[in-house]
Amino acid sequence: NQVRFPVKFGEYLASNRPLVVAEVGEVGRMVAMHQLGMLSQPTAEAFSGKIAYLLEHPEEAEAFARRGRAFVSEQLTWGKLAEALESVYQKVRS
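So, a few notes on the structure that sits alongside this text.

Cut-offs applied
Residues numbered from 1 in each chain as written. Predicted model: local features only at pLDDT ≥ 70, side-chain atom pairs only at ≥ 80, totals over all residues. Heavy atoms only, no water. Helix = DSSP H or I, 4+ residues; strand = E, 2+ residues; numbered from the N terminus. Buried < 20%, exposed > 50% of the residue type's maximum accessible area, 1.4 Å probe, protein only. Core = buried A, V, L, I, M, F, W, Y, C linked by side-chain atoms within 4.5 Å. Contact = heavy atoms within 4.5 Å. Salt bridge = Lys/Arg side-chain N within 4 Å of Asp/Glu carboxyl O. Pairing = 2+ DSSP bridges. Right-handed = clockwise from strand over helix to strand, strands pointing away.

## Here's the deal with the environment of Arg29
Part 1: Within the fold, Arg29 resides in helix 2 (residues 25–34).
Part 2: The exposure class of Arg29 is partly exposed, given its relative accessible area of 41%.
Part 3: Taking the C-alpha atoms as reference points, Arg29 and Ser40, separated by 11 residues in sequence, lie 12 Å from one another.

## A short note on the nonpolar core
Part 1: With 10 residues, the main nonpolar core is built from Phe9, Leu13, Leu19, Val21, Val27, Met30, Val31, Leu36, Phe71 and Val72.
Part 2: Mapped onto this core, the elements with two or more residues apiece are helix 1 (7–14), strand 1 (19–22), helix 2 and helix 4 (58–75).
Part 3: Broken down by element, the residue count for this core peaks at three residues, all from helix 2.
Part 4: Each residue touching Val72, except ones within four places of it in the same chain, is listed here: Gly10, Leu13, Ala14 and Thr77.
Part 5: Listed in part, the five residues of the second largest apolar core include Val20, Met38, Ala61 and Phe64.

## Observations regarding the environment of Arg69
Part 1: Structurally, Arg69 is set in helix 4.
Part 2: Along the sequence, Arg69 and Leu36 sit 33 residues apart, while their C-alpha atoms lie 8.9 Å from each other.
Part 3: Those residues in contact with Arg69 that sit more than four places away from it in its chain are Leu13, Ala14 and Asn16.

## Brief notes about the pattern of salt bridges
Part 1: Applying the stated rule across the entire model yields two salt bridges.
Part 2: Measuring nitrogen to oxygen at the nearest pair gives 3.7 Å for the salt bridge that ties Glu62 to Arg66. Here Arg66 and Glu62 lie together in helix 4, a separation of four residues that amounts to about one turn.
Part 3: Given the relative accessible area of 36%, Glu62 is considered partly exposed.
Part 4: Overall, Arg66 belongs to the partly exposed group, its relative accessible area being 48%.

## Side note on the pairing of strand 2 (residues 37–40)
The side chains of a regular strand alternate between the sheet's two faces.
Part 1: Two strands pair when backbone bridges link them, and strand 1 and strand 2 are joined in this way by four bridges, in the parallel orientation. When the bridges of strand 2 are listed, Leu19 appears paired with Gly37.
Part 2: Viewed along the sheet, the connection from strand 1 through helix 2 into strand 2 turns out right-handed.

Printed below as a string of structure tokens:
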């Protein structure tokens, strides 16, 4: 579970909603690196605390949502993903 990128993650970002994700794996690292949402320990109490925080701080929640939507539009298009895959193939071939 450390190195995976579920397709639904892109869909969540595109939904224009703030995210709360566990502090593990690639998704957690990406969220932290690009400030796409809040990180949580993987417990119900921790998740509910982060959700409550976002409900109490709507401006911050909206900022996370905007950054997530922009990230999808700029970085997770099929064209961008194809370029990245082609780059990997080129490196392997050389």
